[in-house]
Amino acid sequence: MRPQVQLHSRAVMRSQLHGRVVETRPHSLLKFMIATICVITAVCAMLTWPAIDSTDTQTIKVNQVQSESGIAKARNIANESAVISQPPTPNPSSEPPTEFGELVKVAKRQLQSLDVISDRPETKYLFVSMGNKAFAPFYQSWYCNVKHMAGVHQRTLIIMSASNDAEDLQKMCPRINVWGRKRRPTPIGVEEDNLDYNTCGYWRIVQKRVASIGALLRAGITLVLWEPDAVWVQNPLEDDLLNTDEYDIIGFDDGVHVGFGWIRLRAIDSVVHLWGDLETAFEAEIAKATHKPAHQMCGEVTGEQNIFTELLKISGIKHKVLSSQKYVNGKWYDGGRGGDGLQYRGDIKAQGLPYVVNNNWIVGNIPKIMRAKRWGHWFAEEDGTCGDGVLQEKIAVMLRSFDLLAPPYGPPQAAECAPDPIQGACQHS
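Residues numbered from 1 in each chain as written. Predicted model: local features only at pLDDT ≥ 70, side-chain atom pairs only at ≥ 80, totals over all residues. Heavy atoms only, no water.

1. Overview of the side chain of Ser-401
- Relative to the assigned elements, Ser-401 resides in helix α13 (residues 388-404).
- Overall, the relative accessible area of 2% leaves Ser-401 in the buried class.
- Residues contacting Ser-401, with those up to four places away along its chain left out, are Trp-332, Trp-375, His-377 and Ala-406. (Helix = DSSP H or I, 4+ residues; strand = E, 2+ residues; numbered from the N terminus. Buried < 20%, exposed > 50% of the residue type's maximum accessible area, 1.4 Å probe, protein only. Contact = heavy atoms within 4.5 Å.)

2. A closer look at the nonpolar core
- One finds Phe-127, Trp-232, Trp-262 and Trp-332 to be the most contacted residues of the largest nonpolar core, which totals 50 residues.
- No other element matches the 5 residues that helix α6 (residues 136-145) contributes to this core.
- Trp-332 has contacts with Gly-341, Tyr-344, Arg-345, Ile-348, Val-357, Trp-375, His-377, Ser-401 and Phe-402, leaving out every residue within four places of it along the chain. (Core = buried A, V, L, I, M, F, W, Y, C linked by side-chain atoms within 4.5 Å.)

3. Looking at the state of the cysteines
- What the rule picks out here adds up to 2 disulfides.
- Across a sulfur-sulfur distance of 2.1 Å, Cys-144 and Cys-386 are joined as a disulfide pair. In this structure the cystine formed by Cys-144 and Cys-386 twists about its S-S bond by roughly -90°; its chirality is therefore left-handed. Here Cys-144 is found in helix α6, whereas its partner Cys-386 is found in the loop between α12 (365-374) and α13, with 242 residues between them in sequence. Considered together, Cys-144 and Cys-386 belong to a single accessibility category, that of buried residues.
- Each sulfur in the disulfide pair Cys-200 and Cys-298 lies 2.0 Å from the other. What sets the handedness of the Cys-200 and Cys-298 disulfide is the S-S torsion sign, and at about 120° it is right-handed. With a gap of 98 residues between them, Cys-200 in helix α8 (residues 200-218) and Cys-298 in the loop between α9 (269-285) and α10 (304-313) connect regions that are remote in the sequence. Neither Cys-200 nor Cys-298 differs from the other in exposure class; each is buried. (Disulfide = S-S within 2.5 Å.)

4. Let's talk about the sheet that holds strand β9 (residues 327-328)
- Pairing in this open sheet of 3 strands is mixed, and the strands run β5-β10-β9 from one edge to the other. Lying at the two open borders of the sheet, with one neighbouring strand each, are β5 (231-232) and β9.
- With 2 bridges connecting them, β9 and strand β10 (residues 356-357) associate as parallel partners. Paired with Tyr-327 across the strands is Val-356, a residue of β10. (Pairing = 2+ DSSP bridges.)

5. Topic: the pairing of strand β7 (residues 258-265)
- With respect to burial, β7 is a largely interior element, 8 of its 8 residues being buried.
- Where strand β6 (residues 249-253) and β7 come together, 5 bridges link them in antiparallel fashion. Looking at the pairing, Ile-249 lines up with Leu-265 of β7.

6. So, the layout of surface pockets
- In this structure, the largest pocket occupies an estimated 1100 Å³ of space.
- Residue lining of the largest pocket: 46 residues in total, with Tyr-197, Tyr-202, Gln-305, Arg-337 and Asn-360 positioned closest to the centre.
- Breaking the lining of the largest pocket down by element, the ones donating at least two residues are β1 (126-131), α8, β7, α10 and α12.
- Here the lining of the largest pocket takes 5 residues from α8, the largest share from any one element.
- Across the lining of the largest pocket, the residue classes break down as 20 nonpolar, 16 polar and 10 charged. (1 Å grid on protein atoms, 1.4 Å probe; cavity = no way out; pocket = protein on both sides within 12 Å on 5 of 7 lines; lining within 4 Å. Points joined across faces, edges and corners; volume = space filled by probe spheres on them. Nonpolar A, V, L, I, M, F, W, Y, C, P; charged D, E, K, R; others polar.)

7. Some words on the packing of aromatic side chains
- Under the criterion given, the structure shown has 21 aromatic pairs.
- Seen in terms of ring centroids, Phe-127 and Trp-232 are 5.3 Å apart; in terms of plane orientation they differ by 75°. Their pairing is edge-to-face. Here Trp-232 lies in strand β5 and Phe-127 lies in strand β1, a separation of 105 residues in the sequence. In terms of burial, Phe-127 and Trp-232 fall into one category: buried.
- Taken together, a centroid distance of 6.1 Å and an interplanar angle of 90° make the contact between Tyr-139 and Trp-226 edge-to-face. One end of the pair, Tyr-139, is in helix α6; the other, Trp-226, is in strand β4 (residues 223-226), and 87 residues separate them in sequence.
- Taken together, Tyr-125, Phe-127, Tyr-139, Trp-142, Trp-226, Trp-232, Trp-262, Tyr-327 and Tyr-355 form an aromatic cluster joined through their ring pairs.
- The ring of Tyr-125 carries the charged tip of Arg-155 above its face, separated from the ring centre by 4.8 Å.
- Over the ring of Tyr-247 we find Lys-318, and its NZ or CZ is 5.7 Å from the ring centre. (Phe/Tyr/Trp six-rings, centres within 6.5 Å; stacked < 30°, edge-to-face > 60°. Lys NZ or Arg CZ within 6 Å of the ring centre and 35° of its normal.)

8. With respect to the pattern of salt bridges
- Across all of its chains, the model carries 18 salt bridges by this definition.
- Here Glu-99 makes a salt bridge to Lys-208, at a shortest N to O gap of 3.2 Å. Highlighted residues: Glu-99 in the loop between α4 (70-84) and α5 (101-113) and Lys-208 in helix α8, separated in sequence by 109 residues.
- Among the charged side chains, a salt-bridge network with shared partners connects Asp-245, Asp-248, Arg-264 and Arg-266. (Salt bridge = Lys/Arg side-chain N within 4 Å of Asp/Glu carboxyl O.)

9. Some details on the packing of α8 against α9
- For the pair α8 and α9, the least separation of the axes is 10 Å and the interaxial angle reads 155°. Accordingly, the angle class assigned to the pair α8 and α9 is roughly antiparallel. Relative to α9, the crossing made by α8 is left-handed. Residues Trp-203, Val-206, Gln-207, Val-210, Ala-211, Ile-213, Gly-214, Leu-217 and Arg-218 of α8 form the contact with α9, whose participating residues are Val-271, Val-272, Trp-275, Leu-278, Glu-279, Phe-282 and Glu-283.
- A breakdown of the residues in the contact of α8 with α9 according to their chemical character gives 11 nonpolar, 2 polar and 3 charged. (Axes fitted to C-alpha atoms, helices over the stretch in contact; angles between N-to-C directions. Parallel < 35°, antiparallel > 145°, perpendicular 65-115°, else oblique. Left-handed = near helix turned anticlockwise from the far one by under 90°.)

Shape descriptors only; they carry no functional weight alone.
As structure tokens, then:
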């Protein structure tokens, strides 16, 4: 309301000044001088009055729509941002947020090291993932899965939710880069546990992932965001589509929206601006989770991927949804809540080997591990090492599964099938 008050006051004062100017009688001279001094003082005050910038305006608008759905909030923020603000310019020399300042420095050093791999600017990006201690077995299996894929380990940066967990994972996976957030004591639960989907702790970790990716993008770091529960069948660095600047965002189709299981984000103004809108909208959406125990169910929450998809639709950013035959969602598998997957597996086989298959459309880390092992898509030994003597045979079993289209180690079991807290559907033998 302040700008409106200023404009109204200015109009009134101009009117008063005009009235005094035309009154030139001698006895009015003193009144005229006083009025003039008042006007000059008021104008100076207006020139130094703190204005509400576009960021403040967006914050106000987010607060006004707390009761709306996350998608509605995202749409409103994106539409209004296009009118009231300009996209921010990433400034690599600017000081990043304190929480992720060290992460940005680590990522920049790693990005610079890629100069020895390639001199093509469009290939200067990192593979970035974030998880907590419960994700460590997935990272160890993935580390072995891609060990033979040239260039993958060198450009991988994993963000752990706690620094001590990062140190442990770094020891197990020495060829990649692992960074951990400093642990902050919390009275509402331990967020390093296995956190089921839709628990408040789960959403808090997701919010930290969104914030950390935002910090990297604002620092000018192009990246591929991926999740460790996937199996990499072929080296994605050999996919020409991934190594081009023709599109600013490239993401996989997870069956509902543009999934974060595999998405390439260019660190340019428009993408940074879009991601900032996502951070704002999602932070407001999960405000309900801030002070609740980590393992408590949070009720209906509009996920960050849903909000992102809606923002992307209206952004005007040049983007591409990857072929679902080459970057595959978890409906490829049996079990879980994606059906038996047989038809989808047949469609994929007709198009040749995929690059990546995500182990989603199933709830819970333990069921995911059980399903991956049953399909021969698990590569770490019980001690977390790659077991180099048997790793090549494991890779061969995995590749055969895309030809035979049947799990080599039996059908899904009841223990593999944790029900979805929202959908409820789950299939097993």
